[in-house]
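# Summary of structural features
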Amino acid sequence: MCGIHDLTEKDLQPLTYSPAYLNKIKGMRFFDPHVHMTARTTDDYQAMADAGVVAIIEPAFWLGQPRTGVDTFRDYFSSLLGWERFRASQFGIKHYCTIGLNSKEANNEKLAEAVMEILPQFIYKEGVVGVGEIGFDDQTPLEEKYYRAQLELAKEAGLPVQIHTPHRDKKKGTQRSMDIALEHGLEPHMIIVDHNNEETVKEVLDRGFWAAFTIYPFTKMGNERMVAVVKQYGSERIMVNSAADWGISDPLAVPKTAALMHESGIDLNDIHLVTYTNAVKAFAQSGQINEADFDVAANIDQSEKFNGSSILRGGQQPRIDKNTTIIR
């Protein structure tokens with residue numbers, strides 16, 4: 001066994017981490033329209049920026065355990081509009097969010113009523129590009145009640161809706177989600193139906209809705225399956241996201257999927273549509289997205305602070321050298 005003093009100068013040379021997929025997407029820009037960065041680290045932000053991710057949308061969602069009071073929602077929504085937006089900016093990424101009561105916590109009726117009272121305080125704020133993610137989990141009457149209520153909020157605000165389709169009995173839940181949205185007078189082009197798979201995609205597209213796909217390890221959709229979907233259905237109204245969160249997930253799912261598509265012979269224009277343009281077009285209906293802002297966000301000053309807080313610690317310099325084994 002050797003110690004640090006046994007290492008040679010050659011041993012201490014920087015290691016180069018250059019995943020092969022990065023070569024296939026060099027120069028491309030990506031928009032991840034569904035990623036829960038509150039649960040991710042600054043290393044994830046840096047890796048996403050290095051891979052070409054220029055903008056993201058963070059939907060309000062369930063945090064892994066039930067919240068017990070409306071003030072926890074108030075603080076969470078505020079963090080999406082404040083600290084998290086700032087944190088993303090420190091890595092050159094433009095951060096947007098969607099705000100809503102998630103389907104899982106809609107089953108706590110007393111708390112749900114309180115959350116519905118505060119939602120109008122947030123959905124009109126700068127950076128909010130939709131109401132979401134909302135919809136069904138177990139497809140209960142309470143989930144439907146608050147899904148309908150939030151559709152009305154979105155219609156009144158003129159905002160797109162980001163729908164969470166259930167993991168169980170997905171086809172039925174997806175159909176119900178679309179049917180109810182149409183009942184409330186929302187146009188399909190204002191609805192992004194998320195977490196699609198091969199069972200749901202045709203009907204979603206045939207009915208004129210946006211079809212979003214979550215590339216998530218071991219469940220939902222793998223990127224090889226996503227390649228097959230694009231080859232079969234094309235690129236119109238289809239978008240890819242990572243939905244990376246506190247579980248086993250990959251915030252680089254969008255650029256990795258683009259690389260696999262390129263390797264599989266899919267046209268670059270189609271790749272650009274499903275990993276960037278379609279998401280921009282769908283959520284720009286909020287009136288909040290201007291692509292020129294992505295270039296402004298790229299001008300990074302990591303010495304900036306938000307309410308007195310910085311992503312740096314002590315005497316840290318902006319951005320560590322991720323290619324060296326030595327942490328100074």
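Just so it is clear, the model here is predicted, and its values are computed rather than measured.

Secondary structure summary: the chain contains twelve helices and eight strands in total. Burial statistics for the chain: of 328 residues in total, 50% are counted as buried. For the chain, long-range pairs separated by at least 24 residues make up 76% of all intrachain contacts whose partners lie at least 6 apart in sequence. By element, 51% of the accessible surface of the chain is carried by carbon and sulfur atoms, the whole surface being about 15,300 Å².

Residue Glu 133 is bonded to the preceding Gly 132 through a cis peptide linkage, with omega at -10°. Considering the arrangement of structural elements, one finds Glu 133 in strand β4 (residues 128-135). The backbone of Gln 139 sits at a positive phi, close to 60°, despite the residue not being glycine. Examined against the element boundaries, Gln 139 turns out to sit in the loop between β4 and α6 (141-157). Accessibility expressed as a relative area gives 15% for Gln 139, which makes it buried. In this structure, His 195 is a non-glycine residue whose phi angle is positive, near 60°. As for its placement among the helices and strands, His 195 is situated in the loop between β6 (191-194) and α8 (201-206).

Attention now goes to the sheet that holds strand β7 (residues 210-214). Pairing within the open sheet is parallel, and its eight strands lie in the order β1-β2-β3-β4-β5-β6-β7-β8. The open sheet has two free edges, formed respectively by β1 (30-32) and β8 (238-241), since each of these has just one partner strand. Put simply, the sheet's adjacent strands are angled 25° from each other on average, direction ignored. Where strand β5 (residues 161-164) and β6 come together, four bridges link them in parallel fashion. Following the sheet pairing, His 164 is matched in β6 by Asp 194.

Volume-wise, the largest pocket comes out at about 350 Å³. Lining the largest pocket we find 18 residues, and of these Phe 61, Trp 62, Lys 104, His 164 and His 167 sit closest to its centre. Along the lines of polarity and charge, the residues of the lining of the largest pocket split into five nonpolar, seven polar and six charged.

Further remarks concern the side chain of His 36. Locating His 36 in the fold gives a position in the loop between β1 and α2 (42-50). Reaching out from His 36, the side chain makes a polar contact with the side chain of Glu 133 at a distance of 3.2 Å. What His 36 contacts, discounting residues up to four positions off in sequence, is Glu 58, Pro 59, Phe 61, Glu 133, Ala 243, Ala 244 and Asp 245.

Further remarks concern the packing of helix α3 (residues 70-81) against helix α5 (residues 109-118). Each pair of packed helices can be summarised by the angle the axes make with each other and by the distance between the axes. α5 packs onto α3 with a crossing angle of 40° between their chain directions and a minimal axis gap of 9 Å. Considering the angle they form, α3 stands oblique to α5. As α3 packs across α5, the resulting crossing turns out to be right-handed. The residues of α5 that touch α3, namely those facing Val 70, Phe 73, Arg 74 and Phe 77, are Leu 111, Ala 114, Val 115 and Ile 118. Tallied by class, residues from the contact of α3 with α5 come to seven nonpolar, no polar and one charged.

Burial of β4 is extensive: eight of the eight residues sit out of reach of the surface. Two strands pair when backbone bridges link them, and strand β3 (residues 94-99) and β4 are joined in this way by three bridges, in the parallel orientation. Bridge pairing in β4 links Ile 99 to Val 131. In the sheet, β4 pairs with β5 via four bridges, with the strands oriented parallel. Paired with Gly 135 across the strands is His 164, a residue of β5. Running through α6, the crossover from β4 to the neighbouring parallel element β5 is right-handed.

Between α6 and helix α7 (residues 170-183), the least distance of the axes is 10 Å, while the angle of their chain directions is 45°. Our classification of the angle between α6 and α7 gives oblique. Like other packed secondary-structure pairs, α6 and α7 cross with a definite hand, here right-handed. Where α6 approaches α7, its residues Glu 144, Tyr 147, Arg 148 and Leu 151 are matched on the opposing element by Arg 176, Ser 177, Ile 180, Ala 181 and Glu 183. Grouping the constituent residues of the contact of α6 with α7 by class yields four nonpolar, one polar and four charged.

Per the stated rule, a full pass over the model turns up 21 salt bridges. For Glu 126, the salt bridge goes to Arg 85, with nearest N and O atoms at 3.3 Å. Within this pair, whereas Glu 126 is found in the loop between α5 and β4, its partner Arg 85 is found in helix α4 (residues 83-89), the two being separated by 41 residues in sequence. By relative accessible area, Glu 126 is classed as exposed at 56%.

Cut-off values and rules
Residues numbered from 1 in each chain as written. Predicted model: local features only at pLDDT ≥ 70, side-chain atom pairs only at ≥ 80, totals over all residues. Heavy atoms only, no water. Helix = DSSP H or I, 4+ residues; strand = E, 2+ residues; numbered from the N terminus. Buried < 20%, exposed > 50% of the residue type's maximum accessible area, 1.4 Å probe, protein only. Contact = heavy atoms within 4.5 Å. Areas by Shrake-Rupley, 256 points an atom, 1.4 Å probe, with all protein chains shown as cover. Pairing = 2+ DSSP bridges. Axes fitted to C-alpha atoms, helices over the stretch in contact; angles between N-to-C directions. 1 Å grid on protein atoms, 1.4 Å probe; cavity = no way out; pocket = protein on both sides within 12 Å on 5 of 7 lines; lining within 4 Å. Points joined across faces, edges and corners; volume = space filled by probe spheres on them. Nonpolar A, V, L, I, M, F, W, Y, C, P; charged D, E, K, R; others polar. Polar contact = N/O pair within 3.5 Å; in protein donor to acceptor, adjacent residues only side chain to side chain. Parallel < 35°, antiparallel > 145°, perpendicular 65-115°, else oblique. Left-handed = near helix turned anticlockwise from the far one by under 90°. Right-handed = clockwise from strand over helix to strand, strands pointing away. Salt bridge = Lys/Arg side-chain N within 4 Å of Asp/Glu carboxyl O.

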